[in-house]
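Remarks on the overall topology
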Amino acid sequence: MNVFQKCLRRQMGNHRYSGYVDTCRKSFSDTNVSQLALNSKPIFDDMYEQLKVENKAGISERMRDMADTLAIAFRITRYFAFVLVTYLLGNIVLLTLNLDYYVTCVSITLMGICFLYKLVEFVSNKYCVLDAYLFMIYKSVLEKLAKEVSC
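Residues numbered from 1 in each chain as written. Predicted model: local features only at pLDDT ≥ 70, side-chain atom pairs only at ≥ 80, totals over all residues. Heavy atoms only, no water.

1. So, the overall build of the chain
A count of helices and strands for the chain gives eight helices and zero strands. Secondary structure elements in the chain, listed N-terminal to C-terminal, are α-α-α-α-α-α-α-α. Since a compact globule built from 151 residues should have a radius of gyration of about 15 Å, the 21 Å found for the chain marks it as more spread out than a globular shape. Dimensions of the chain along its principal axes, counting C-alpha atoms only, are 65 × 40 × 25 Å. Residue burial in the chain is summarised as follows: out of 151 residues, 32% are buried. Long-range pairs, those at least 24 residues apart, make up 82% of the contacts in the chain between residues at least 6 apart in sequence. Carbon and sulfur atoms provide 64% of the accessible area of the chain, an area that totals close to 9700 Å². Taken together, the 18 basic and 14 acidic charged side chains of the chain have centroids lying 3 Å from each other. (Helix = DSSP H or I, 4+ residues; strand = E, 2+ residues; numbered from the N terminus. Rg over C-alpha atoms; globule rule 2.2 N^0.38 Å. Buried < 20%, exposed > 50% of the residue type's maximum accessible area, 1.4 Å probe, protein only. Contact = heavy atoms within 4.5 Å. Areas by Shrake-Rupley, 256 points an atom, 1.4 Å probe, with all protein chains shown as cover. Lys, Arg positive; Asp, Glu negative; His and termini not counted. Charge placed at Lys NZ, Arg CZ, Asp CG, Glu CD.)

Here's what the structure looks like:
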């Protein structure tokens with residue numbers, strides 16, 4: 001599960017999130033990209049209705065959570081090159097140490113499992129178009145509510 005999905009599920013609930021994803025899937029398949037803004041209005045309105053009862057502290061807490069989620073998503077993407085280089089160098093070092101065959105195989109296998117986890121994490125966060133789209137709508141709702149509460 002990518003970080004945007006985790007945040008939206010935590011903030012909006014699993015049932016609402018599933019409804020939003022279904023709406024987005026239908027919008028993505030039925031229209032072209034230029035009409036997506038028109039199709040996001042029902043999602044925006046529903047999120048707005050759900051969040052407008054929040055007080056200033058609740059909205060600021062949600063804004064902090066949103067900012068933390070964005071920071072985590074950028075960190076995962078930014079550090080993947082470092083993870084890849086570390087994995088490759090680790091394998092090269094293990095192969096050049098001339099350790100026992102079984103020790104080398106087990107070590108490379110364990111590093112491969114760890115790298116596979118980081119790869120899945122990277123890919124699921126890099127290519128999560130629907131969740132990023134929903135997250136942008138959520139961000140717009142929070143910004144509108146923050147502006148209304150501060151006035």
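2. Brief notes about the nonpolar core
The biggest cluster of nonpolar side chains holds 28 residues, and the ones touching the most others in it are I43, M47, L51, L134, F135, Y138 and V141. Secondary-structure elements contributing two or more residues to this core are α1 (3-12), α2 (14-30), α4 (41-51), α5 (56-78) and α8 (129-150). Ranked by residue count, the leading element in this core is α8, at nine residues. Discounting chain neighbours no more than four positions away, the residues touching F135 are F4, C7, L8, M66, T69 and L70. (Core = buried A, V, L, I, M, F, W, Y, C linked by side-chain atoms within 4.5 Å.)

3. Re the packing of helix α6 (residues 80-96) against helix α7 (residues 101-126)
In a packed pair of helices, the relevant descriptors are the angle between the two axes and the axis-to-axis distance. Where α6 meets α7, the axes come as close as 10 Å, and the angle between the chain directions of the two elements is 170°. One way to sum up the angle between α6 and α7 is to call them roughly antiparallel. The residues of α7 that touch α6, namely those facing F80, V83, L84, Y87, G90, N91, L94 and L95, are T104, S107, I108, M111, G112, F115, K118, L119 and F122. Residue classes in the contact of α6 with α7 are distributed as eleven nonpolar, five polar and one charged. (Axes fitted to C-alpha atoms, helices over the stretch in contact; angles between N-to-C directions. Parallel < 35°, antiparallel > 145°, perpendicular 65-115°, else oblique. Nonpolar A, V, L, I, M, F, W, Y, C, P; charged D, E, K, R; others polar.)

4. Overview of unusual backbone geometry
Despite not being glycine, N98 has its phi angle at roughly 55°, a positive value. Tracing the backbone shows N98 in the loop between α6 and α7.

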